[in-house]
Amino acid sequence: MMRSDGYLLDNRQSEAGERFDAFASLFDPTTFRHLAECGVGPGWRCWEVGAGGTSVVSWLAKKVGPTGKVVATDIDTSRVASAARPPVDVRVHDVGAEEPPGEGFDLVHARLVLVHVPDRERALRSMVRALRPGGRLLVEDADPTLQPLLCPDEHGPEQHLANRLRHGFRRLLADSGADLSYGRKLPRLLREAGLRQVEADAYFPVSSPACAALESATIRQVRDRLVAAGLATDEDIDRHLANVASGAMDLATAPMISAWGRKP
């Protein structure tokens, strides 16, 4: 998460918890599969960057056990503080502006974080530097430009409105400094950072209750910004939220691209 008064998705807003729950439902299975394939196990030292919620931190803590350690960092730790018990160490930290919270990590992981960080290049260098030789880096980030629509099947006025509001949200993200095509760059960036055995894949939810929950929470969280920027009216937003609540629309997310590699 980035430190900025203009950041759209503050962890302390009431909708943030709903968003984290939706992210967990949508993306945890993919994340946990990749983490398991990295070999996370007893005694590992892991750094969870921009932890946000507790689901990934808790999974890592269970895997590393009492002999391991999980350092969970974010600029706002209010949503992850409840996980702060051994082997989890929760710290306030800005990955794009501060030195790593340690070194010699077996694993460094960040999900849906770097796309929002102003100095993404520094953040990635910091994450690589924190790894031990042979350590694994797993970075997962969205690519909204690759798939910009909330409703890929735009067959009616409800879907048209949904896509118009999604376009407005993407405008706000871009204006706040987010790189909306960051996900596709990850394999190249990991190679350029010196990692070996780099691979990547993508997960693209097309329709699920979690997509609807995420959309509702996100739109409510940025409602005032959309209206103030002239990107939507209150009537547009009320109508869209009612359409989402009806359960009659297929709502998608941007693809989440996972890229991983090993430090020589």
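If you're wondering where the values come from, they're calculated on a predicted model, not measured in any experiment.

**Thoughts on the environment of Glu-98**
Okay, step 1: Summarising the element assignment, Glu-98 is placed in the loop between β3 (88-92) and β4 (105-111).
Okay, step 2: In sequence terms Glu-98 and Arg-164 are 66 residues apart; their C-alpha atoms lie 37 Å from each other.
Okay, step 3: A distance of 2.8 Å separates the side chain of Glu-98 from the backbone nitrogen of Asp-94, its partner in a polar contact.

**Quick notes on the pattern of salt bridges**
Should the charged atoms of two oppositely charged side chains come close, the side chains can pair.
Okay, step 1: Following the criterion strictly, the structure yields 17 salt bridges and no others.
Okay, step 2: Among the ionic pairs, Glu-18 bridges to Arg-220, the shortest N-O distance being 2.5 Å. Of the two residues, Glu-18 sits in helix α1 (residues 16-38) while Arg-220 sits in helix α6 (residues 209-228), which places them 202 residues apart along the sequence.
Okay, step 3: Judged by relative accessible area, which is 36%, Glu-18 ranks as partly exposed.
Okay, step 4: The salt bridge involving Arg-184 is made with Asp-143; its shortest N-O contact spans 2.8 Å. You can see Arg-184 sitting in the loop between α4 (157-175) and α5 (186-192) and its partner Asp-143 sitting in the loop between β5 (131-142) and α4, a full 41 residues away along the chain.
Okay, step 5: Assessed through its relative accessible area of 0%, Asp-143 is described here as buried.
Okay, step 6: Three or more residues are tied together by salt bridges with common partners; here these are Arg-33, Glu-37 and Asp-201.

**Side note on the pairing of β4**
Okay, step 1: The buried fraction of β4 is high, at 7 of 7 residues.
Okay, step 2: Judged from the 4 bridges that link them, strand β1 (residues 45-49) and β4 form a sheet pairing that is parallel. Among the inter-strand pairings, Val-49 is bridged to a residue of β4, identified as Ala-110.
Okay, step 3: Inspection of the sheet shows β4 paired to β5 by 6 bridges, in the parallel sense. Bridged to Arg-111 within β5 is Glu-140.
Okay, step 4: This β-α-β element, β4 to helix α3 (residues 120-129) to β5, shows right-handed connectivity.

Basis of the calculations
- Residues numbered from 1 in each chain as written.
- Predicted model: local features only at pLDDT ≥ 70, side-chain atom pairs only at ≥ 80, totals over all residues.
- Heavy atoms only, no water.
- Helix = DSSP H or I, 4+ residues; strand = E, 2+ residues; numbered from the N terminus.
- Polar contact = N/O pair within 3.5 Å; in protein donor to acceptor, adjacent residues only side chain to side chain.
- Salt bridge = Lys/Arg side-chain N within 4 Å of Asp/Glu carboxyl O.
- Buried < 20%, exposed > 50% of the residue type's maximum accessible area, 1.4 Å probe, protein only.
- Pairing = 2+ DSSP bridges.
- Right-handed = clockwise from strand over helix to strand, strands pointing away.

Fair warning: the whole summary comes from geometry, so function is off the table for now.
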